[in-house]
Amino acid sequence: MATQRLFFALELPAALQQQLVRWRAENFAEDIGRPIAAANLHLTLAFLGEVSDDTSQRLQQLAARITQPGFALDLDDAGHWPRPGVVWLGCQRPPRGLLQLANLLRAQAARHGCAQNAPSFHPHVTLWRNATQKVALPPRGFHWRVDVSHFALFSSRFEKGRTHYQALARWPLSATTGD
């Protein structure tokens, strides 16, 4: 049976991806780890792992039924998790809409056999991997606002020494923005 490595995520606009790469280059030592390519910067809502085509189809059908307003996301926090070696960008106060969407997708995934890591969800954009040594974080004061109007299902493939993400499907959130 064929499987794919899948995850639900929020896409970041291409212009923001480029801004974040420039900001990262200006504010972090270049040798702290493996930087994530601009096109791969996203915010994971639910990691699904290796998923069969049948399970993928069921999860996509459930995702299509989600009715939730869009929301604004403020990227204004950064941190480092030394054990997994991740330097991240996140939000000091995650919007309620983001948490609701992630919790719903994670619960649906768990019900369909996709094990979810920790019960708590810490929304973040991974900037670096393999950053296992102490990392100097930039001073507070950075801020990007993203109006979130949809979410997507991505596949993750490792080819020729690189990870490639591809959006397989997208679902809109309603036009009303809230917190």
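Residues numbered from 1 in each chain as written. Predicted model: local features only at pLDDT ≥ 70, side-chain atom pairs only at ≥ 80, totals over all residues. Heavy atoms only, no water.

Before going further, it helps to examine the nonpolar core. If you look at soluble globular proteins, the nonpolar side chains tend to sit buried side by side. With 47 residues, the main nonpolar core has Phe-8, Leu-10, Leu-45 and Phe-151 as its most contacted residues. Residues within four places of Leu-10 in sequence aside, it is in contact with His-42, Leu-43, Leu-45, Phe-71, Leu-73, Leu-98, Leu-101, Val-148, His-150 and Phe-151. (Core = buried A, V, L, I, M, F, W, Y, C linked by side-chain atoms within 4.5 Å. Buried < 20%, exposed > 50% of the residue type's maximum accessible area, 1.4 Å probe, protein only. Contact = heavy atoms within 4.5 Å.)

In this section: the pattern of salt bridges. A side chain of one charge can pair with a side chain of the opposite charge when the charged atoms of the two come close. Counting across every chain of the model gives 4 salt bridges. The salt bridge partner of Glu-11 is Arg-170, with a shortest N-O separation of 2.8 Å. In this pair, Glu-11 is assigned in strand β1 (residues 3-11) and Arg-170 in strand β10 (residues 162-172), connecting sequence segments 159 residues apart. The class for Glu-11 is partly exposed, based on a relative accessible area of 23%. Between Arg-140 and Asp-77 there is a salt bridge; the shortest N-O distance is 2.6 Å. (Salt bridge = Lys/Arg side-chain N within 4 Å of Asp/Glu carboxyl O. Helix = DSSP H or I, 4+ residues; strand = E, 2+ residues; numbered from the N terminus.)

A few words on the layout of surface pockets. Considering only enclosed or pocket space, the largest pocket measures out at about 1,100 Å³ in volume. Together, 37 residues line the largest pocket, and His-42, Thr-44, Thr-126, Arg-129 and Tyr-165 are the ones closest to its centre. Elements with a contribution of two residues or more to the lining of the largest pocket: β1, β2 (34-35), β3 (42-52), β7 (124-129), β9 (150-159) and β10. In terms of residue count, the dominant contributor to the lining of the largest pocket is β3 (5 residues). (1 Å grid on protein atoms, 1.4 Å probe; cavity = no way out; pocket = protein on both sides within 12 Å on 5 of 7 lines; lining within 4 Å. Points joined across faces, edges and corners; volume = space filled by probe spheres on them.)

By the definition in use, this model includes 11 aromatic pairs. Where Phe-7 meets Tyr-165, the ring centres are 5.1 Å apart and the plane angle is 80°; that geometry is what we call edge-to-face. Placement of the pair is Phe-7 in strand β1 and Tyr-165 in strand β10, with a sequence separation of 158 residues. Phe-7 sits in the buried class, given a relative accessible area of 4%. You can call Tyr-165 partly exposed: its relative accessible area is 24%. Between Phe-8 and Trp-171 the ring centres are 5.9 Å apart and the planes differ by 55°, which places this aromatic pair in the tilted class. Taken as a pair, Phe-8 in strand β1 and Trp-171 in strand β10 lie far apart in primary sequence, 163 residues in all. Considered together, Phe-8 and Trp-171 belong to a single accessibility category, that of buried residues. An aromatic cluster is built from Trp-23, Phe-28, Trp-128, Phe-142 and Trp-144, whose rings are joined through pairwise contacts. (Phe/Tyr/Trp six-rings, centres within 6.5 Å; stacked < 30°, edge-to-face > 60°.)

For the rest of this paragraph, the subject is the pairing of strand β8 (residues 144-148). Only one face of β8 is buried, namely the one carrying Trp-144, Val-146 and Val-148, since none of Arg-145 and Asp-147 on the opposite face is buried. By the bridge criterion, 5 bridges tie strand β4 (residues 69-75) to β8 in an arrangement that is antiparallel. For Phe-71, the partnering residue across the bridge sits in β8 and is Val-148. (Pairing = 2+ DSSP bridges.)

This part is about helix α3 (residues 96-111). End to end, α3 covers 22 Å across 16 residues, agreeing with the expected 22 Å (1.5 Å per residue, within 8%). Every buried residue of α3 is listed here: Gly-97, Leu-98, Leu-101, Ala-102, Leu-105, Arg-106, Gln-108 and Ala-109. The buried residues of α3 occupy one face: seen down the axis, they fall within an arc of 160°. Residues of α3 that are exposed and point over 90 degrees away from its buried face: Arg-96 and Arg-111. At its buried positions, α3 is contacted by β1, β3, α2 (53-64), β4 and β9. (Expected span 1.5 Å × (residues − 1). Arc of directions from axis to C-beta.)

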